Amino acid sequence: MVTTPARDDFDITVDVLVIGAGACGFTAALAAKAAGADVAVVEKLDRLAGNTMLSSGSIPAAGTRLQAAAGIADDPARFAADLRRVAGPHDADHLVDRLAAVSAEMVHFLIDEAAVDLTLVTAYRHVGHTVHRLHAPPSRKGADLMRDLERAVAARDIPVAFGNPATRLIVIDGAVVGAETRAATGETARIGAAATVLACNGFGHSPALRARFCPELAALSHFGAVGSEGEAVIWGEALGARLGNMGSFQAHAAIAQPHGALVTWTVIEKGGVIVDDGGRRFADETLGYSAFAERVAAHGRPTVAIYDKQVRDVTAAGQPEFGELVEHGGAREFHDVDALAAFVGCDPAVLAETLAAAAAAGTGAATDPLGRTAWGLGPLTSPYVATRIAPALFHTQGGPVVDADARVLRADGTPIPGLYAGGGAACGVSGRRGSTGYVSGNGLLAAVGLGYVAGRAAAGRAAAHRAAHPDDSFHSDLQPERLRS
Ligand SMILES: Cc1cc2nc3c(=O)[nH]c(=O)nc-3n(C[C@H](O)[C@H](O)[C@H](O)COP(=O)(O)OP(=O)(O)OC[C@H]3O[C@@H](n4cnc5c(N)ncnc54)[C@H](O)[C@@H]3O)c2cc1C
């Protein structure tokens, strides 16, 4: 049954209210609008500044026409198998097939409906994918993905109210019927909606929720966006939502120090190694940037990424953001091991031994004692390049469990009427605990994939509401001007 609150209960009403202006929120808004709903987006911050803006905008999808054009054979079953192999058992296995199945459609939707500029990444595959399936803006900047999405949202007259955080959900008879917002001026608004989409990301920026659900993150700083304060978890829990994969997160082992910029894992995949301040490797780097971050945290010593000029230059040519780090002196060149050891702060003999052992493993002359088998372009050669690095948390992967229509589920498996979630706000598909279950692109897969699914399902609920209650529809008095901040 669709709940019918009185229109007078609200300052504004819409069919679909989206909370959060990130990839999930904007995709949900576009999908809902395309399905015929009136939509509004409220955003906590005064500008686009969510995690998607910080990301490299890489979205995995299987069976796209971009892959076909590049001669890459891929399908949802293969993608789902890759996701399961890395993540292991977890609380949202039902979403693995759903997201893999919808992935190509969602990428085509972004390109065709929203004119988002996406290209297939063939320069690197990244962690967990057995074929090339990351689709990213040519610049590899999530900010460009967001700008394209924002343009599409504006072109459809979807109001976006910046600086208007949702402060609580409005619930009548167990159904979510909108949310209350509070602007910096103190002005509050009660927004009624037939369907509300939580697209407000995870809890990476909430020390209390991190301590409660991911105590192992204590040693990691948060590299993600400040808006990720865990409202979906707090509100969902209060409504009896089932929370899943709460100990799961994505981290990254290589934040350049002191630059604070991301060192793309491509330099590792192309043959780079990571040593501690004693000049020794301590884990298989091909575990991936997220899993390796946990190893660094457990190891507890400063780390340095070592690669060479060839790796640096090839990588910088294809990834402008890394090129910027190089330009700012974040990838120092050393012509011999002694100078490199001085930078690392270790005994040159130990570092020489480490590099020689890695080179032997890279040529197949010896087996790597840490188990690494992939060495990219082969053994590193002088001139060497080094970057001091530290691990950081990117985003959390736990949250309210949603069904295949992105409806938030209660503990008993029934949906909470009117409430949808996606992206970092929902339970992800990256395993139950820690950072090892994260396949590259899982963040935006959940953001764009569940946003797409949520938007369509939310529009369907609004249409059902309208059909059942033609005189009391939420959609009829949308006031876009009121929502524009
Ligand atoms: C450096 C970095 C690189 C990354 N690279 C990739 C990548 O290449 N591929 C990938 O898949 N993932 C990547 N990730 C992860 C990815 O960015 C996130 O998983 C994804 O962007 C989440 O999208 P979202 O829409 O759920 O959240 P966001 O993009 O964070 O959007 C959520 C929005 O909700 C707003 N909000 C929060 N609370 C409220 C509230 N109460 N009311 C209103 N608004 C609210 C926030 O301010 C924010 O703008 C990366 C992360 C980082 C930090």
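The rules behind these values
Residues numbered from 1 in each chain as written. Predicted model: local features only at pLDDT ≥ 70, side-chain atom pairs only at ≥ 80, totals over all residues. Heavy atoms only, no water. UniProt positions renumbered as here; feature names shortened; annotations may be inferred. Helix = DSSP H or I, 4+ residues; strand = E, 2+ residues; numbered from the N terminus. Rg over C-alpha atoms; globule rule 2.2 N^0.38 Å. Buried < 20%, exposed > 50% of the residue type's maximum accessible area, 1.4 Å probe, protein only. Contact = heavy atoms within 4.5 Å. Areas by Shrake-Rupley, 256 points an atom, 1.4 Å probe, with all protein chains shown as cover. Lys, Arg positive; Asp, Glu negative; His and termini not counted. Charge placed at Lys NZ, Arg CZ, Asp CG, Glu CD. Polar contact = N/O pair within 3.5 Å; in protein donor to acceptor, adjacent residues only side chain to side chain. Pairing = 2+ DSSP bridges. Axes fitted to C-alpha atoms, helices over the stretch in contact; angles between N-to-C directions. Parallel < 35°, antiparallel > 145°, perpendicular 65-115°, else oblique. Nonpolar A, V, L, I, M, F, W, Y, C, P; charged D, E, K, R; others polar. Near = heavy atom within 4 Å.

You'll find the protein chain entered in an unreviewed UniProt entry as Fumarate reductase flavoprotein subunit, with Rhodoplanes serenus given as the organism. As stated in UniProt under Cofactor (unreviewed entry), the record for the protein chain gives "FAD".

> Lay out the overall build of the protein chain with the relevant residues and their values.
Regarding its fold elements, the protein chain presents 16 helices and 20 strands. Against the compact-globule benchmark of 23 Å for 485 residues, the protein chain has a radius of gyration of 23 Å, which places it among compact chains. By principal-axis analysis of the C-alpha atoms, the protein chain measures approximately 80 × 45 × 40 Å. Looking at the protein chain residue by residue over its 485 residues, the buried ones come to 59%. Sequence separation of 24 or more characterises 76% of the internal contacts of the protein chain that already satisfy a separation of 6 or more. Entry remark: accessible area of the protein chain is about 17500 Å², with carbon and sulfur atoms responsible for 52%. In the protein chain, 41 positive and 52 negative side-chain charges are present, and the distance between their average locations comes to 2 Å.

> Which residues make up the side chain of Asp-15, and what values do they have?
Looking at where Asp-15 falls in the secondary structure, it is placed in strand β1 (residues 12–19). We classify Asp-15 as buried; its relative accessible area is 1%. Here Asp-38 takes part through its backbone nitrogen, which lies 2.9 Å from a polar atom of the side chain of Asp-15. Side-chain polar atoms of Asp-15 contact the side chain of Arg-466, separated by 2.6 Å.

> Account for the pairing of strand β12 (residues 247–256), naming residues and giving values.
Burial of β12 is extensive: 10 of the 10 residues sit out of reach of the surface. Strand direction decides the pairing type here: β12 and strand β20 (residues 433–434), joined by two bridges, are parallel. Bridge pairing in β20 links Ser-248 to Gly-434. As defined by bridge partners, β12 adjoins strand β16 (residues 384–396) across six bridges and the pair is classed as antiparallel. By the bridge assignment for β16, Ala-256 is matched with Ile-389.

> Before we move on, can you summarise the packing of helix α5 (residues 93–114) against helix α15 (residues 442–468) with the specific residues and values?
Here α5 crosses α15 at 85°, and the two axes come no closer than 9 Å. Relative to α15, α5 is oriented roughly perpendicular. When α5 is examined against α15, the residues Leu-95, Arg-98, Leu-99, Val-102, Ser-103, Glu-105, Met-106, Phe-109 and Leu-110 are found in contact with a partner set consisting of Leu-445, Ala-446, Val-448, Gly-449, Leu-450, Tyr-452, Val-453 and Arg-456. When its residues are assigned to classes, the contact of α5 with α15 shows 12 nonpolar, two polar and three charged.

> Describe the site of the ligand, and please don't skip the residues or the numbers.
The full set close to the ligand counts 39 residues, and Glu-43, Asn-51, Thr-52, Ser-56 and Leu-444 are the nearest of them. Contact distances for the ligand include 2.5 Å between an oxygen atom and a side-chain N or O atom of Thr-52. With respect to the ligand, the backbone of Gly-443 contributes an N or O atom lying 3.4 Å from an oxygen atom. Contact with the protein chains covers 98% of the free accessible surface of the ligand, which is 1000 Å². Among the secondary structure elements, those contributing two or more residues to the shell around the ligand are α1 (23–34), α2 (51–54), α8 (231–238), β16 and α15. For the shell around the ligand, the leading source of residues is α15, giving four residues. Among the residues forming the shell around the ligand, the class breakdown is 17 nonpolar, 19 polar and three charged.

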